[in-house]
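# Summary of the model geometry
Chain by chain, the residues run as shown.
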There are 4 protein chains.
Amino acid sequence: MSEITLRKAKTIIRATLSKGKELGLKPLSVVVLDAGGHVKAFEREDTASPGRFAIAQGKAYGAVMLGMAGTAQMMRAEQQAYFMAAVNGVYGGQVVPVPGGILMRDKKGAVIGAVGVTGDTSDNDAKAGLAGIEAAGLSGEA
Amino acid sequence: MSEITLRKAKTIIRATLSKGKELGLKPLSVVVLDAGGHVKAFEREDTASPGRFAIAQGKAYGAVMLGMAGTAQMMRAEQQAYFMAAVNGVYGGQVVPVPGGILMRDKKGAVIGAVGVTGDTSDNDAKAGLAGIEAAGLSGEA
Amino acid sequence: MSEITLRKAKTIIRATLSKGKELGLKPLSVVVLDAGGHVKAFEREDTASPGRFAIAQGKAYGAVMLGMAGTAQMMRAEQQAYFMAAVNGVYGGQVVPVPGGILMRDKKGAVIGAVGVTGDTSDNDAKAGLAGIEAAGLSGEA
Amino acid sequence: MSEITLRKAKTIIRATLSKGKELGLKPLSVVVLDAGGHVKAFEREDTASPGRFAIAQGKAYGAVMLGMAGTAQMMRAEQQAYFMAAVNGVYGGQVVPVPGGILMRDKKGAVIGAVGVTGDTSDNDAKAGLAGIEAAGLSGEA
């Protein structure tokens, strides 16, 4: 399995923020987690609200731990709210099940981490994050 | 009351994983808890997502602690979501109330523990776990 | 980086328990964590006390998260008790800083996970775990 | 009060990591918190252990929340361990009271955030972080 290097993590963040500016999005915050769900890098743009780290991490953390991207988590939460609530219980309340939590896969399809983006609408967050992941030569699943 | 031995626990896990392969399920994770709700054995198949221990344990833990298998817990959660949420409060957020949490009974009908299976759909998880329990000469209630 | 496969994890557990029997140790419990600190496999021998999963995991979890084996953690705890207490705070109280938490390294020296052993004295726990890791062709740091 | 911009936070991290390399330190992890104790930016170097975010944050968080840098926190912990333990209680266990938690001040002396560095000895962590803060034209108190 490939690992997410700090160099790649920084490329992802830079390209995500750049895509956000190009699309005219609100200030974004972006986290990159490794394959074990641990923080590799994070940046919060100026004027973004102070609590954005936890939201970004929560989107990415659930994706890694469940192997399920934010959109799929949201569908499950809408169908079976008590299930996602219970999942959050066993993960210490760290899961934010909406788009903007994006799985990263290497060329063989193995999950090597996740990106969490927050600041604009969940769908725009996901769009920016996907652009960031592609800029690093990886494949994203939002 | 019979006790779940490590030998039986390993038989259950091996037969559950084998049933999963036979049915073409996604990689599974399987936990066996004793009659006190404590972990006896666990295995997570390669390429399963990293957070699977907590989900498997949550399915089995609720089953033992409430004496109620996953399917019954799910029905209760659908009828009275606040009740299962409250149950989770008193059990420290460790309960995942869906199929795949399976009670194990000995020949006299006494609960001697539970099996938790996760990785595919909840119903398929339960099917594989039941096969595992039967392979150990015990009776399962999904 | 190599990954710890389920096959290797089971080899480690089997060889650790076998070493424990050879040395006449009390019943052991053994967990194998991956490089992200997530449970891959666990077994608790018959007649071991029910709470052994959490102790085994706590020994191995601190080793992975800090990149520091149990013996080094214990020395730090003896020199600076408040530091290890604080570390445990940020890791949610999941760290047990004594021997029996053993780092596993691949041939290039990269940490690919940790083994946690509990049941006898901490030093005997570590001895059995090291034998288990060697049986899987890996290098252990206790 | 000045605010810590993302640009400055990135300068601090880059210069801290660069100082670490110059001094031959182990791989470092560096967090920058704002004046409210909230994460602005973070980077973890390759091969650093996975749990480094929480340690870095814990060093910086205590510094901001108490207005007391890591060295002063450590002295207090050595004199009155129960006091720092209690502080950790009220702050949710998020404080790691050792050097490497560095207050940042603007030209008027106002605290505008803190930097947390971890990976080598606490004193070396602090040395690298101070260099990072100076590179951003700010004044550090370790």
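Residues numbered from 1 in each chain as written. Chains lettered and ligands numbered in written order. Predicted model: local features only at pLDDT ≥ 70, side-chain atom pairs only at ≥ 80, totals over all residues. Heavy atoms only, no water.

An unreviewed UniProt entry annotates chain A as Heme-binding protein of Pseudohalocynthiibacter aestuariivivens.

Before going further, it helps to examine the relation of the copies chain D and chain A. The two copies are related by a screw operation: chain D maps onto chain A through 180° of rotation and 0.0 Å of translation along the axis, at an RMSD of 0.1 Å. The superposition of one copy onto the other is thereby described by a two-fold rotation axis. Taking C-alpha positions as the reference, the residue of chain D nearest the rotation axis is D:Phe42, at 2.5 Å. When the interface residues of chain D are mapped onto chain A, 100% of them are again interface residues, pointing to one common binding face. (Least-squares fit on C-alpha atoms with pLDDT ≥ 70 in both. Contact = heavy atoms within 4.5 Å.)

Further remarks concern the interface of chain D and chain A. Listed as interface residues are 17 residues of chain D and, on the opposing side, 17 residues of chain A. Together chain D and chain A conceal approximately 1,500 Å² of surface at their shared face, both sides included; 48% is due to carbon and sulfur atoms. Taken together, chain D and chain A are joined by six salt bridges. Our enumeration of links across chain D and chain A arrives at 13 residue pairs in polar contact (both at pLDDT 80 or more). With six residues, strand 2 (residues 39-44) of chain D is the single largest residue contributor to the side of chain D that touches chain A. Relative to strand 2 of chain D, strand 2 (residues 39-44) of chain A runs antiparallel, the two being bridged by three bridges. (Buried area = accessible area lost by both parts, 1.4 Å probe. Salt bridge = Lys/Arg side-chain N within 4 Å of Asp/Glu carboxyl O. Polar contact = N/O pair within 3.5 Å; in protein donor to acceptor, adjacent residues only side chain to side chain. Helix = DSSP H or I, 4+ residues; strand = E, 2+ residues; numbered from the N terminus. Pairing = 2+ DSSP bridges.)

We now examine the packing of helix 3 (residues 70-79) of chain D against helix 4 (residues 81-90) of chain D. Residue and element names in this part refer to chain D. As a packed pair, helix 3 and helix 4 sit with axes 5 Å apart at the nearest point and diverge in direction by 120°. The pairing of helix 3 with helix 4 is recorded here as oblique in orientation. Counting all contacts with helix 3, which are made through Gln73, Arg76, Ala77 and Gln79, the residues of helix 4 involved are Ala81, Phe83 and Met84. Broken down by class, the residue content of the contact of helix 3 with helix 4 amounts to four nonpolar, two polar and one charged. (Axes fitted to C-alpha atoms, helices over the stretch in contact; angles between N-to-C directions. Parallel < 35°, antiparallel > 145°, perpendicular 65-115°, else oblique. Nonpolar A, V, L, I, M, F, W, Y, C, P; charged D, E, K, R; others polar.)

Now for the packing of aromatic side chains. In total, this model carries 10 aromatic pairs over all chains according to the counting rule given. Geometrically, the ring pair formed by A:Tyr61 and A:Tyr91 is edge-to-face, given 6.2 Å between the ring centres and 85° between the ring planes. With a gap of 30 residues between them, A:Tyr61 in helix 2 (residues 52-66) and A:Tyr91 in the loop between helix 4 (81-90) and strand 3 (101-105) connect regions that are remote in the sequence. Across the pair, A:Tyr91 and A:Tyr61 agree in class, each one buried. For the pair B:Phe42 and B:Phe53, a centre-to-centre distance of 4.9 Å together with 90° between the ring planes defines the contact as edge-to-face. You can see B:Phe42 sitting in strand 2 (residues 39-44) and its partner B:Phe53 sitting in helix 2 (residues 52-66), a full 11 residues away along the chain. (Phe/Tyr/Trp six-rings, centres within 6.5 Å; stacked < 30°, edge-to-face > 60°. Buried < 20%, exposed > 50% of the residue type's maximum accessible area, 1.4 Å probe, protein only.)

The subject of this paragraph is the sheet that holds strand 2 (residues 39-44) of chain C. Strand order in the open sheet made by the 10 strands is 5(B)-3(B)-4(B)-1(B)-2(B)-2(C)-1(C)-4(C)-3(C)-5(C), with antiparallel pairing throughout. Every interior strand has two partners, whereas the edge strands, strand 5 (139-141) of chain B together with strand 5 (139-141) of chain C, have only one. The average undirected angle you get between the axes of adjacent strands in this sheet is 20°. As paired elements, strand 1 (residues 29-34) of chain B and strand 2 of chain B share five bridges and run antiparallel to each other. Each bridged residue has a counterpart across the sheet, and for B:Val30 the counterpart in strand 2 of chain B is B:Glu43. Set on the sheet, helix 2 of chain B makes contact with strand 1, strand 2, strand 3 (101-105) and strand 4 (111-118) of chain B together with strand 2 of chain C; between it and strand 4 of chain B the angle comes to about 150°. Contacts from helix 5 (residues 122-135) of chain C reach strand 3 (101-105), strand 4 (111-118) and strand 5 of chain C within the one sheet, and its direction differs from that of strand 3 of chain C by about 20°.

Right, let's get into helix 4 of chain A. Residue pairs spaced three or four apart in an α-helix point in one direction, given the helix's 3.6 residues per turn. All names here are of chain A. Among the 10 residues in helix 4, seven count as buried, and that is most of the element. Residues Tyr82, Phe83, Met84, Ala86, Val87, Asn88 and Val90 constitute the buried set of helix 4. Directly beyond the C-terminal end of helix 4, a positive phi value near 70° is found at Gly92.

All names here are of chain D. Taking 1.5 Å of rise per residue, the 18 residues of helix 1 (residues 6-23) would be expected to cover 26 Å, and the 26 Å separating its terminal C-alpha atoms lies within 8% of that figure. Every buried residue belonging to helix 1 is among Leu6, Ala9, Thr11, Ile12, Ile13, Ala15, Thr16, Leu17 and Gly20, and all of these are buried. Gly24 sits one or two residues past helix 1 and shows a positive phi near 70°. (Expected span 1.5 Å × (residues − 1).)

Bringing the environment of C:Ala86 into the picture now. Among the structural elements, C:Ala86 can be located in helix 4 (residues 81-90). Expressed as a C-alpha distance, the spacing of C:Ala86 and C:Ala135, which sit 49 residues apart in the sequence, is 35 Å. The contacts of C:Ala86, once residues within four sequence positions are left out, are D:Asn88, D:Gly93, D:Val95, D:Val96 and D:Pro97.

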